[in-house]
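Observations on the three-dimensional arrangement
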Amino acid sequence: MNEVPHGTRRDEPPDVVAQVQRLAEGAEHRWRLLAEAQRAIGLDPEAPASPSVARGPRERALELRDHARSFLLPRARDLDAPLLVAIVGPTGSGKSSLLNTLAGRPLSRTSVLRPTTRHAVAVGRAADLERAFDDGPLADLPAEHAERHDVDALPGLVIVDAPDVDSVEHTDRALADHLLEAADLGLFVTTATRYADRVPWDVLERAEQRRLGLIVIVNRMPAGEDAEVVLQDIEALLAGTELRVREVISVPEGALGDDRASLAPAAVEPLRRWLATLSDDAAERRALAAEALGGALRGVSPLARAVAEDLDREVRLRETLHEHVRSAYSDETSVMLERLFSGSFLREEVIRHWHSFVGADQVTRYFARGIGQLRGTVAALLRRAPRAPVAAVQEGATDDITALVANHAAEAARRTSERWAADPDGALLIAANPQLWSCSPGLEAETRGAVDAWIEAIAHDVAERGAGRRGPARLAALGVNAVAVTLMLVTFSHTGGISGAEAGIAAATAFLNQKLLNAIFGEAAVQE
């Protein structure tokens, strides 16, 4: 044989590898973005979809990534690398028997139990297997999903038996899809009774898109005229596609080898002879590799466009979903702030509790004398003032603020989820994350901590201002925390949302709070 040195590229234009490299990097980046987005919402991007689910953005992105990484790039770099021949087909079609026949001995297990082949079984010469698995089309296969056998047959070819394309096991189907993306040539094995099954033809649709050359082997063919009817029907089905079928080979029913694990060599003699010719002719192998690469590059355009359109659509979808979030939370924030600054969220008992302090007889009596006299006698006033219910009022107000924030956050979450659920893609997010229907679990604790920190900051500011204005005695008498609570309640000292007696109490409490602060700090300081 006239072998071409490993790694040489004699015919390719110098920019082909660079172009394929950019395509592979783009496909990898696209897949990484999608995988990160799916993991962020609790989905497994590597989990194969159910056969009943139509191909979507994830499947297309995965196809493009696998095709670019496992076939386009390795083949563009080296047209003289061993050809990868993938045996694919439905359950029980005889794929393993065909591999054993081509290898010359039983290497892939056959059984009536399904599925039988659970991983990739690759056969070839040791050097060819090494190139395929080290930096070739099988480099990405995890060790636990691959099995290799060194055979002294068909140099220049690596033949791999794939799991069933219609397997009930998701990982098996994903591995079969991966091998189809990586192959230079496909051997599609079916039977006289299952050649029209839907799932295998869905897989062949991908072979059609990537313009993969195929040889169809129809196993267990009946004798006589029935065989002709089956062949004519198969050829009619193939004629309705753009599949690049090189040949259709029929294998008679019961044509098994002596070991019962392989087919009778004579039954697949046309295939064996063609593969042997290919193995003996390096130039022919190189031509097939170039043809496979050229067809794949031409066929990748629709897939790449579809993936790009998926990305554009996802950008628009993300903007729409974000707008739902912004709208719902903006509306609820506005309503919450209106209630917050109107004081309508404060419960009646909190207002009454504090009013019983600031509205005590001795306090109101001094207020009635006028602010000038009040300042002069404030020390005496505070010495006799009732003890401020700081802890109870602060806790009650904090509870009310926390409940207000949590209620509006929960309503915003509910409105957002309701809008998302009306969109098919948004519904997937909600289904995967049902907790999105409510506010974050830690929100109440965070709100309570923020309110406590705010009151503490007010108290610190009160202490500093009181010391600077020679009011330490007044603060000591009343208590820094009591003044801080007074300031907090002044912030929410309006009567929006309440009426009747409660409104009167709230208004009176607000007035007394203001007068108390003026007495301690002075009116100008309070205005600051």
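Thresholds applied
- Residues numbered from 1 in each chain as written.
- Predicted model: local features only at pLDDT ≥ 70, side-chain atom pairs only at ≥ 80, totals over all residues.
- Heavy atoms only, no water.
- Helix = DSSP H or I, 4+ residues; strand = E, 2+ residues; numbered from the N terminus.
- Buried < 20%, exposed > 50% of the residue type's maximum accessible area, 1.4 Å probe, protein only.
- Contact = heavy atoms within 4.5 Å.
- Areas by Shrake-Rupley, 256 points an atom, 1.4 Å probe, with all protein chains shown as cover.
- Salt bridge = Lys/Arg side-chain N within 4 Å of Asp/Glu carboxyl O.
- Pairing = 2+ DSSP bridges.
- Axes fitted to C-alpha atoms, helices over the stretch in contact; angles between N-to-C directions.
- Patch = residues over 30% accessible without salt bridge, like charges linked within 9 Å, V, L, I, M, F, W, Y side chains within 5 Å.
- Lys, Arg positive; Asp, Glu negative; His and termini not counted.
- Charge placed at Lys NZ, Arg CZ, Asp CG, Glu CD.
- Parallel < 35°, antiparallel > 145°, perpendicular 65-115°, else oblique.
- Left-handed = near helix turned anticlockwise from the far one by under 90°.
- Nonpolar A, V, L, I, M, F, W, Y, C, P; charged D, E, K, R; others polar.
- Core = buried A, V, L, I, M, F, W, Y, C linked by side-chain atoms within 4.5 Å.
- Arc of directions from axis to C-beta.
- pLDDT = per-residue confidence, 0-100.

1. Overview of the overall build of the protein chain
Summing up its helical and strand segments, the protein chain has 19 helices and seven strands in all. By residue count, 48% of the 528 residues in the protein chain fall in the buried class. Sequence-distant contacts, at least 24 apart, represent 78% of the contacts inside the protein chain between residues at least 6 apart. Here the protein chain has roughly 25,400 Å² of accessible surface; of this, 53% comes from carbon and sulfur atoms.

2. Some thoughts on the pattern of salt bridges
Tallying each qualifying case throughout the model produces 25 salt bridges. Glu269 is the partner of Arg273 in a salt bridge, and the nearest nitrogen-oxygen pair spans 3.8 Å. Taken as a pair, Arg273 and Glu269 lie in helix 8 (residues 269-280) at a separation of four residues, close to a single helical turn. Residue classification places Arg273 among the partly exposed residues on the basis of a relative accessible area of 48%. Linked through salt bridges whose partners overlap, the residues forming this network are Glu28, Arg69 and Asp140.

3. Here we look at unusual backbone geometry
Even without being a glycine, Leu154 presents a positive backbone phi close to 50 degrees. Note that Leu154 resides in the loop between strand 3 (146-150) and strand 4 (157-161). Judged by relative accessible area, Leu154 falls into the buried class, the value being 17%. With phi around 60 degrees, Arg260 is a residue other than glycine that occupies positive phi space.

4. Regarding the sheet that holds strand 7 (residues 244-252)
What the seven strands build is an open sheet, ordered 3-2-4-1-5-6-7; its pairing is mixed. Taken across any chain shown, the strands that pair with only one partner, and hence form the sheet edges, are strand 3 and strand 7. Going across the sheet, the axis of each strand differs from the next one's by a mean of 20 degrees, ignoring polarity. Both strand 2 (residues 120-124) and strand 3 contribute to a ladder of five bridges, which runs parallel. The partner of Ala122 across the bridge, within strand 3, is Arg148.

5. Quick look at the side chain of His408
Of note, His408 is situated in helix 13 (residues 390-421). The exposure class of His408 is buried, given its relative accessible area of 10%. Not counting residues within four places of it along the chain, the set of residues in contact with His408 comprises Glu332, Val335, Met336 and Arg339.

6. Points about a nonpolar patch on the surface
Side chains of Leu33, Leu311 and Val315 sit close together on the surface and give an oily, nonpolar patch of about 210 Å² of accessible area. The class for Leu311 is partly exposed, based on a relative accessible area of 32%.

7. Here we look at a negative patch on the surface
Together, Glu225, Asp226, Glu228 and Glu235 give the surface a local cluster of negative charge. One can find Asp226 in helix 7 (residues 225-239). Relative accessible area serves as the criterion here: at 49%, Asp226 is assigned to the partly exposed category.

8. What about the environment of Asp177?
In this structure, Asp177 sits in helix 5 (residues 170-182). On a C-alpha basis, the gap between Asp177 and Asp66 in space is 9.1 Å, while along the polypeptide they are 111 residues apart.

9. Some details on the packing of helix 3 (residues 95-103) against helix 8
Look at helix 3 against helix 8: their axes get within 11 Å of each other, and the N-to-C directions meet at 50 degrees. Put simply, helix 3 runs oblique to helix 8. The way helix 3 lies across helix 8 gives a crossing that is right-handed. Of the residues in helix 8, those in contact with Leu98, Thr101 and Leu102 of helix 3 are Leu271, Arg272 and Leu275. Looking at side-chain class alone, the contact of helix 3 with helix 8 contains four nonpolar, one polar and one charged residues.

10. Considerations on the packing of helix 2 (residues 57-77) against helix 5
Packing of helix 2 against helix 5 leaves a shortest axis separation of 8 Å and a crossing angle of 50 degrees. Relative to helix 5, the element helix 2 lies oblique. The handedness of the crossing between helix 2 and helix 5 is right-handed. Between helix 2, through Glu63, Asp66, His67, Ser70 and Phe71, and helix 5, the contact on the second element is made entirely by His178, Glu181 and Ala182. Split by residue class, the contact of helix 2 with helix 5 holds two nonpolar, three polar and three charged.

11. As for the nonpolar core
Counting 48 residues, the largest nonpolar core has Leu72, Leu98, Ile159, Leu187, Ile217, Leu271 and Leu275 as its most contacted members. With eight residues, helix 9 (residues 282-342) is the single largest residue contributor to this core. Not counting residues within four places of it along the chain, the set of residues in contact with Leu275 comprises Leu102, Leu154, Leu157, Ile159 and Leu185. Ranked by size, the runner-up nonpolar core spans 38 residues in total, among them Ala122, Leu138, Leu179 and Val203.

12. As for the environment of Asp331
Residue position: Asp331 is located in helix 9. Along the primary structure Asp331 and Ala412 are separated by 81 residues, whereas in three dimensions their C-alpha atoms are 8.0 Å apart.

13. Observations concerning helix 4 (residues 126-134)
By the burial criterion, the buried members of helix 4 are Asp128, Leu129, Ala132 and Phe133. The arc enclosing the buried residues of helix 4, seen along the axis, measures out at 120 degrees, which places them on a common side. Across helix 4 from its buried face, at more than 90 degrees, point the exposed residues Ala127 and Asp134. Buried-residue contacts for helix 4 involve strand 2, strand 3 and strand 4.

14. Side note on the confidence of the model for the protein chain
With 70% of its residues at a pLDDT of 70 or more, the protein chain has an overall mean of 77. Taken as a whole, residues 494-527 scores under 50 in pLDDT and shows 74 contacts with residues more than four places along the chain or in a different chain.

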